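So you can see what is in the structure, the chains are spelled out below.
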Amino acid sequence: MAERLPVAVLGANGRMGSEAVKAVTAAPDMELVAALGRSDSLESIVDAGARYVVDLTVPDSTEANVRFAVEHGLHAVVGTTGWTAERLESLRSLLAGNPGVGVLIAPNFALGSVLASAFAAKAARYFESVEIIELHHPDKVDAPSGTAVRTAQLVAASRAGAGVAPSPDATQTALDGARGADVDGVRVHSVRLRGLVAHQEVLLGGPGEQLTIRHDSFDRASFMPGVLLGLRSVAAHPGLTVGLDGYLDLGL
Ligand SMILES: NC(=O)C1=CN([C@@H]2O[C@H](COP(=O)(O)OP(=O)(O)OC[C@H]3O[C@@H](n4cnc5c(N)ncnc54)[C@H](OP(=O)(O)O)[C@@H]3O)[C@@H](O)[C@H]2O)C=CC1
Ligand SMILES: O=C(O)C1=N[C@H](C(=O)O)C[C@H](O)C1
């Protein structure tokens, strides 16, 4: 039997981290060698012999966690949001000095979500208007969601590449927040509601019609196949990959 992947999970006591602990523990080709909470030392993952790190912490912690992993030659699979363009560029520079180390930063590990974002980017050039609504549990600390930001970025790039004008909007007066967040010219609206987990709608509008592309995660189990795929693939993808679609041949 091939050697099992030695994996450390950061954020192990959280909603996602606890699911990842269960998924890694159940995977026949993996060994959970460390499970860290906020107060635990990152050195313990090296001492435990980890070669892979899963980061499912918080935006304020993730950059230092991932930099530690790279500096110690550990591959990282990252789900935590908060990865701005500046942080990504800094990480790319660090990785250039650590060839052979792979990092995957995936705003969403659910395959349906990855597909929905790709479908939206494909469709967006054909519609006059595009807006995004993301809907999450009220314990989420960031808005808009990382998934919605990435979807908006993909949509905006697709529309710009096709020479499509920005969505029309005659708004002249508005209460703060009424038109949502502006992500590369795409409006993103965030709903926080008890009873929800993670949901997104991309609304594409044209004369007399609307196309809605919606994805729902009803349970955090939806993210785990993507986390495991990331762990099994990251070593074969040195450098930084943003988006699980970078490991998939979606053909879109
Ligand atoms: N990519 C994807 O598919 C998904 C990504 N996410 C993202 O994952 C992140 C976590 O979400 P969620 O699990 O709901 O959040 P939680 O707040 O439930 O979990 C985060 C956990 O990380 C812990 N933590 C904070 N800093 C550190 C640190 N330095 N080292 C170790 N642990 C630390 C927290 O500890 P403490 O309790 O002490 O604060 C907490 O237990 C968010 O950014 C979220 O947006 C969520 C779902 C899917
Ligand atoms: O905080 C969450 O729950 C989620 N966060 C990620 C995001 O911000 O996109 C992924 C998913 O939407 C769930």
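Residues numbered from 1 in each chain as written. Chains lettered and ligands numbered in written order. Predicted model: local features only at pLDDT ≥ 70, side-chain atom pairs only at ≥ 80, totals over all residues. Heavy atoms only, no water.

**Brief notes about the UniProt feature "domain: Dihydrodipicolinate reductase C-terminal" (unreviewed entry) in the chain**
Thinking step 1. The UniProt feature table records "domain: Dihydrodipicolinate reductase C-terminal" (unreviewed entry) at residues 113-243.
Thinking step 2. Structurally, residues 113-243 comprises 28% helix and 31% strand, and the distance from its first C-alpha atom to its last is 11 Å. (UniProt positions renumbered as here; feature names shortened; annotations may be inferred. Helix = DSSP H or I, 4+ residues; strand = E, 2+ residues; numbered from the N terminus.)

**Describing the sheet that holds strand 9 (residues 198-206)**
Thinking step 1. Within the open sheet, the five strands sit side by side as 7-8-6-9-10. Their pairing is mixed. Each edge of the open sheet is held by one strand with a lone partner, namely strand 7 (181-183) and strand 10 (209-217). Across the sheet, the mean angle separating the axes of adjacent strands is 25° when strand polarity is ignored.
Thinking step 2. As paired strands, strand 6 (residues 129-136) and strand 8 (residues 186-192) are joined by six bridges and run parallel to one another. (Pairing = 2+ DSSP bridges. Axes fitted to C-alpha atoms, helices over the stretch in contact; angles between N-to-C directions.)

**Quick notes on the layout of surface pockets**
Thinking step 1. Of the voids in this model, the largest pocket is the one considered here, and its volume is about 860 Å³.
Thinking step 2. Forming the boundary of the largest pocket are 38 residues, of which M16, L56, T57, V58 and T80 lie nearest the centre.
Thinking step 3. Elements with a contribution of two residues or more to the lining of the largest pocket: helix 1 (15-26), helix 3 (59-71) and helix 6 (146-161).
Thinking step 4. The element best represented in the lining of the largest pocket is helix 3, accounting for three residues.
Thinking step 5. A volume near 390 Å³ is recorded for the second largest pocket. (1 Å grid on protein atoms, 1.4 Å probe; cavity = no way out; pocket = protein on both sides within 12 Å on 5 of 7 lines; lining within 4 Å. Points joined across faces, edges and corners; volume = space filled by probe spheres on them.)

**Observations concerning empty space enclosed by the protein**
Thinking step 1. Within this structure, the stated rule accounts for one cavity of 30 Å³ or more.
Thinking step 2. In this model, the largest cavity occupies a volume close to 90 Å³.
Thinking step 3. What lines the largest cavity is N108, S113, A116, E134, H136, S145, T147, A198, H199, Q200, I213 and H215.
Thinking step 4. Listed by contribution, the elements that provide at least two residues to the lining of the largest cavity are helix 5 (111-123), strand 6, strand 9 and strand 10.
Thinking step 5. At three residues, the largest contribution of residues to the lining of the largest cavity is made by strand 9.
Thinking step 6. Tallied by class, residues from the lining of the largest cavity come to three nonpolar, eight polar and one charged. (Nonpolar A, V, L, I, M, F, W, Y, C, P; charged D, E, K, R; others polar.)

**Overview of the site of ligand 2**
Thinking step 1. Lining the immediate environment of ligand 2, one finds T81, P107, N108, H136, H137, K140, D142, S145, G146, T147 and A198.
Thinking step 2. One of the side-chain N or O atoms of T147 is found 2.6 Å from an oxygen atom in ligand 2.
Thinking step 3. When ligand 2 is considered free in solution it has 320 Å² of accessible area, and contact with the protein chains removes 84% of it.
Thinking step 4. Under a 2 Å grid-point criterion requiring more than half of the atoms, the pocket assigned to ligand 2 is the largest pocket.
Thinking step 5. Looking at the shell around ligand 2, its residues break down into two nonpolar, seven polar and two charged. (Near = heavy atom within 4 Å. Polar contact = N/O pair within 3.5 Å; in protein donor to acceptor, adjacent residues only side chain to side chain. Areas by Shrake-Rupley, 256 points an atom, 1.4 Å probe, with all protein chains shown as cover. Sits in = over half its atoms within 2 Å of the grid points.)

**Description of the sheet that holds strand 5 (residues 102-105)**
Thinking step 1. Sheet architecture is open: six strands sit in the order 2-1-3-4-5-11, paired in parallel fashion. Lying at the two open borders of the sheet, with one neighbouring strand each, are strand 2 (30-36) and strand 11 (239-242). The sheet shows a mean angle of 20° between the axes of neighbouring strands, direction not considered.
Thinking step 2. Lying on the sheet, helix 1 is in contact with strand 1 (5-10) and strand 2; it crosses strand 2 at an angle near 155°.
Thinking step 3. Contacts between helix 3 and the sheet are confined to strand 1, strand 3 (52-55), strand 4 (75-78) and strand 5, with strand 4 contributing the most and set at about 155° to the helix. (Contact = heavy atoms within 4.5 Å.)

**Re the site of ligand 1**
Thinking step 1. The immediate surroundings of ligand 1 are formed by 22 residues, with R15, M16, T81, A106 and F109 found nearest.
Thinking step 2. In this structure, an oxygen atom belonging to ligand 1 sits 2.8 Å away from a side-chain N or O atom of T81.
Thinking step 3. A distance of 3.1 Å is found between an oxygen atom of ligand 1 and a side-chain nitrogen or oxygen belonging to K140.
Thinking step 4. Considered on its own, ligand 1 offers 920 Å² of accessible surface; in the complex 80% of this is hidden by protein.
Thinking step 5. Judged by the proximity of its atoms to the pocket grid, ligand 1 belongs to the largest pocket.
Thinking step 6. Elements that contribute at least two residues to the shell around ligand 1 include exactly helix 1 and helix 3.

**Description of the pattern of salt bridges**
Thinking step 1. Taken as a whole, this structure holds 13 salt bridges when the rule is applied.
Thinking step 2. The partner of R51 in a salt bridge is E3, with the nearest N and O atoms 3.3 Å apart. Of the two residues, R51 sits in the loop between helix 2 (43-47) and strand 3 while E3 sits in the segment before strand 1, which places them 48 residues apart along the sequence.
Thinking step 3. For E3, a relative accessible area of 59% corresponds to the exposed category.
Thinking step 4. R214 is paired through a salt bridge with D216; the nearest N and O atoms lie 2.7 Å apart. (Salt bridge = Lys/Arg side-chain N within 4 Å of Asp/Glu carboxyl O. Buried < 20%, exposed > 50% of the residue type's maximum accessible area, 1.4 Å probe, protein only.)

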